[in-house]
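Examination of the molecular architecture
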Amino acid sequence: MKIGREPLQAWTRELGLDMVGVASAERYRDIEPQWNPLSILPTARSIIVFGKSIPRSLFRGIEEGTLWMRVDRYLPPRAAYSLCRIFEDNGCLAVPCSPLAPERWPDGVAAGDDKPAPNVSPDIQVAAQLAGLGEIGYNGAFLTPRFGVRQALGMVFADAEIDPDEPFPAGTLCPREKCLACVRACPASALSATPVTRTVGEESFPVGSYRLEACRLCSNGAFPDTSCAAAPPNRLAAACTRACIACLEDSGRIATGYRAPFRRKPAWGCDTFEA
Ligand code: SF4
Ligand code: SF4
């Protein structure tokens, strides 16, 4: 079944979403089975990634040091569920994906010799970059041209044929080693200025590596990943990512602007092992 981009845009707008992109399932032909949506829905033709902006005010209180809360990187399940229902109403098969920490795999016994163990966990940031929504930044956060780091993502796989997007070129939003504001912002020096290489589709680019034990105990806005104790924390509101919000807004590289700057005084911070 062919689904046009206009209906897809309309459906996601109706669900209150701010962005949607499509990666062709063809781009997953070389991905290992445990991370591959085709292990979940072998007839999938389209990997659909969508997002909703997170209000800037959720980060402002943490930036001021007056409010402490988790800022979710992933959308609650309802949007994916509702989108799957719409695909079904239009004659397609669609499966909602709950993003899980890759560290959680394997999480059970394989259902057959030819199958990967559960839970197969496609990387939602990789899918979002392949679907043209934005790029994985040096700090590991997903960056989009409209909101920078400020969105929560969701994903469904469908057997619908939808014209796919081109992958988003790395380096469009994040200048990487020419910036490193995220590295300088970590009071515990947990994000390395020496990059490692990450590959998305046919493109490889530098990203920072984290000192995991420091991030797990981070006292600067990170939140534990409640899906898996071994996983790195959610760093979306941590000092390393808040520096990125200020950097992207001040540089004018993202479309959403505000009258007052995000950062209005020097950032607070505690060295994790001194706090
Ligand atoms: S999560 Fe915390 S400790 Fe880890 S790099 Fe960010 S600010 Fe530093
Ligand atoms: S702070 Fe700079 S180097 Fe770090 S992720 Fe943001 S744009 Fe990239």
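Everything below is about the structure shown above.
I will try to describe carefully the structure that is included in this document. (Residues numbered from 1 in each chain as written. Chains lettered and ligands numbered in written order. Predicted model: local features only at pLDDT ≥ 70, side-chain atom pairs only at ≥ 80, totals over all residues.)

Moving on: the overall build of the protein chain. Counting its regular elements, the protein chain contains 8 helices and 8 strands. Computed over the C-alpha atoms, the radius of gyration of the protein chain is 19 Å, within 12% of the 19 Å expected from 2.2 N^0.38 for a compact globule of 275 residues. Summarising its shape, the C-alpha atoms of the protein chain cover approximately 55 × 45 × 30 Å along the three principal directions. Here the protein chain holds 275 residues, and 39% of them are scored as buried. A fraction of 71% describes how many contacts in the protein chain between residues 6 or more apart in sequence connect residues 24 or more apart. (Helix = DSSP H or I, 4+ residues; strand = E, 2+ residues; numbered from the N terminus. Rg over C-alpha atoms; globule rule 2.2 N^0.38 Å. Buried ≥ 20, exposed ≤ 12 C-beta atoms within 10 Å, placed from the backbone. Contact = placed C-beta atoms within 7 Å.)

Right, let's get into the site of ligand 2. Near ligand 2 lie 13 residues; those nearest to it are G137, C174, C179, C182 and C244. Ranked by residues supplied to the shell around ligand 2, first place goes to helix α8 (residues 239–251) with 4 residues. In terms of residue class, the shell around ligand 2 is built from 10 nonpolar, 2 polar and 1 charged. (Near = placed C-beta within 6 Å. Nonpolar A, V, L, I, M, F, W, Y, C, P; charged D, E, K, R; others polar.)

Right, let's talk about the site of ligand 1 for a bit. Close contacts around ligand 1 come from 15 residues, with C186, C215, C218, A238 and C240 the closest. Among the residues forming the shell around ligand 1, the class breakdown is 12 nonpolar, 2 polar and 1 charged.

Let us now look at the environment of E88. Of note, E88 is situated in helix α4 (residues 78–89). Owing to 12 C-beta atoms within 10 Å, E88 belongs among the exposed residues under this scheme. Through-space distance from the C-alpha of E88 to that of A158 is 9.5 Å; in sequence the pair is 70 residues apart.

On to unusual backbone geometry. A cis amide bond links W105 to the next residue, P106, at an omega of -5 degrees. Its location among the elements puts P106 in the loop between β3 (94–97) and α5 (124–130). In this chain, P118 is followed by N119 through a cis amide linkage whose omega measures -10 degrees. Along the chain, N119 turns up in the loop between β3 and α5.

Looking now at the nonpolar core. One finds I47, I48, V49, A127, A131, M155 and V156 to be the most contacted residues of the largest nonpolar core, which totals 74 residues. Considering every element that reaches this core, the biggest residue donor is α8, with 7 residues. The contacts of A131, once residues within four sequence positions are left out, are G21, V22, A23, I47, V49 and D165. (Core = buried A, V, L, I, M, F, W, Y, C linked by C-beta atoms within 7 Å.)

This part is about α4. Given a rise of 1.5 Å per residue, 12 residues ought to cover 16 Å, and the 16 Å separating the end C-alpha atoms of α4 matches this to within 8%. Among the residues making up α4, those that are buried are A79, A80, L83, C84 and F87. For α4, the buried positions fall inside an angular range of 130 degrees around the axis, keeping them on one side. Away from its buried face by more than 90 degrees, α4 exposes R78, E88 and D89. G91 occupies a position one or two residues after α4 and carries a positive phi of about 85 degrees. (Expected span 1.5 Å × (residues − 1). Arc of directions from axis to C-beta.)

This next bit is on the sheet that holds strand β1 (residues 19–24). If you trace the 4 strands from one edge of the open sheet to the other, you get β1-β2-β6-β3, paired in antiparallel fashion. Looking at strand neighbours, the two that pair on one side only are β1 and β3, the edges of this open sheet. Adjacent strand axes in the sheet meet at a mean angle of 25 degrees when their direction is disregarded. Relative to strand β2 (residues 46–53), β1 runs antiparallel, the two sharing 6 bridges. Paired with V22 across the strands is I48, a residue of β2. In the packing of α4 onto the sheet, contacts are made with β2, β3 and β6 (151–158), and the angle to β3 comes to roughly 175 degrees. (Pairing = 2+ DSSP bridges. Axes fitted to C-alpha atoms, helices over the stretch in contact; angles between N-to-C directions.)

Of the pairings in the sheet, the one linking strand β7 (residues 196–200) to strand β8 (residues 203–207) comprises 5 bridges and is antiparallel in character. Within β8, the residue paired with T199 across the bridge is S204. With antiparallel pairing between neighbouring strands as the criterion, β7 and β8 make up a hairpin whose turn holds 2 residues, including G201 at a positive phi of roughly 60 degrees.

Bear in mind that shape data such as this cannot, by itself, settle questions of function.
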